[in-house]
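# Close look at the chain arrangement
Here is what each chain is made of, one letter per residue.
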Amino acid sequence: MELFSNLIYEFKKGMRDLSLYTCNKVDLHKFVQHLDKTGTKYVLRDIGKDKVNIFFGDVNCLNILNKFSSSDLNELTPYEDFILGIMLGYSRAEQYGRILSRI
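Residues numbered from 1 in each chain as written. Predicted model: local features only at pLDDT ≥ 70, side-chain atom pairs only at ≥ 80, totals over all residues. Heavy atoms only, no water.

## A few points about a nonpolar patch on the surface
A cluster of nonpolar residues, Tyr79, Leu100 and Ile103, forms a patch on the protein surface that exposes about 360 Å² of accessible area. Structurally, leucine 100 can be placed in helix α5 (residues 92-102). (Patch = residues over 30% accessible without salt bridge, like charges linked within 9 Å, V, L, I, M, F, W, Y side chains within 5 Å. Areas by Shrake-Rupley, 256 points an atom, 1.4 Å probe, with all protein chains shown as cover. Salt bridge = Lys/Arg side-chain N within 4 Å of Asp/Glu carboxyl O. Helix = DSSP H or I, 4+ residues; strand = E, 2+ residues; numbered from the N terminus.)

This is the structure we're talking about:
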C-alpha cells in the first residue's frame with residue numbers, strides 16, 4: 001500500500017499525470033476505497049482471473065485510455081502504446097525507440 005499511496009501523492013502534487021498499479025482482485029477493494037477517499041479518478045482493467053490493473057490520475061488521460069482500441073495492453077497499437085507510455089511518465093527516449101521498433 002505504501003507504493004500505491006506514493007503514486008497518489010505524486011499525482012496530487014502534479015508530478016505525474018497517470019499511474020498504473022497492478023493488484024490481486026481479492027485486495028482490490030482496499031485500493032478502490034483509498035482512491036475514492038482521496039477523490040482520485042480511476043479505471044479498472046481485468047488482466048486475468050486473479051489480477052487487475054488500476055489506472056488512476058488525470059481525467060483526460062483516463063478518457064484517452066478509454067478510447068484505445070483494446071483494453072488489453074498487449075493488444076494496443078504502437079501509437080496507443082506510445083501515448084500510454086508518455087502519459088505514465090516513462091522515458092521519452094525509450095518510448096521513441098520502442099515505437100520505432102514496432103512500426
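## Quick look at the packing of aromatic side chains
A full pass over the atoms with the stated rule returns 5 aromatic pairs. Members of the aromatic cluster, connected to one another through ring pairs, are Phe4, Tyr21, Phe31 and Phe56. (Phe/Tyr/Trp six-rings, centres within 6.5 Å; stacked < 30°, edge-to-face > 60°.)

## Side note on the environment of isoleucine 99
Relative to the elements of secondary structure, isoleucine 99 occurs in helix α5. As for isoleucine 99 and glutamate 80, which are separated by 19 residues in sequence, their C-alpha atoms are 9.6 Å apart. Beyond its immediate sequence surroundings of up to four residues, isoleucine 99 is in contact with Pro78, Tyr79 and Phe82. (Contact = heavy atoms within 4.5 Å.)

## A look at the sheet that holds strand β3 (residues 51-57)
In space, the 3 strands of this open sheet follow the order β1-β3-β2, with antiparallel pairing throughout. Where the open sheet ends on each side, the last strands, each with one partner, are β1 (18-24) and β2 (42-46). Between one strand axis and the next, the sheet turns through 20 degrees on average, direction left out of account. Bridging between β2 and β3 involves 5 bridges; their strand directions are antiparallel. Across the sheet, the residue bridging to valine 43 is phenylalanine 55, located in β3. (Pairing = 2+ DSSP bridges. Axes fitted to C-alpha atoms, helices over the stretch in contact; angles between N-to-C directions.)

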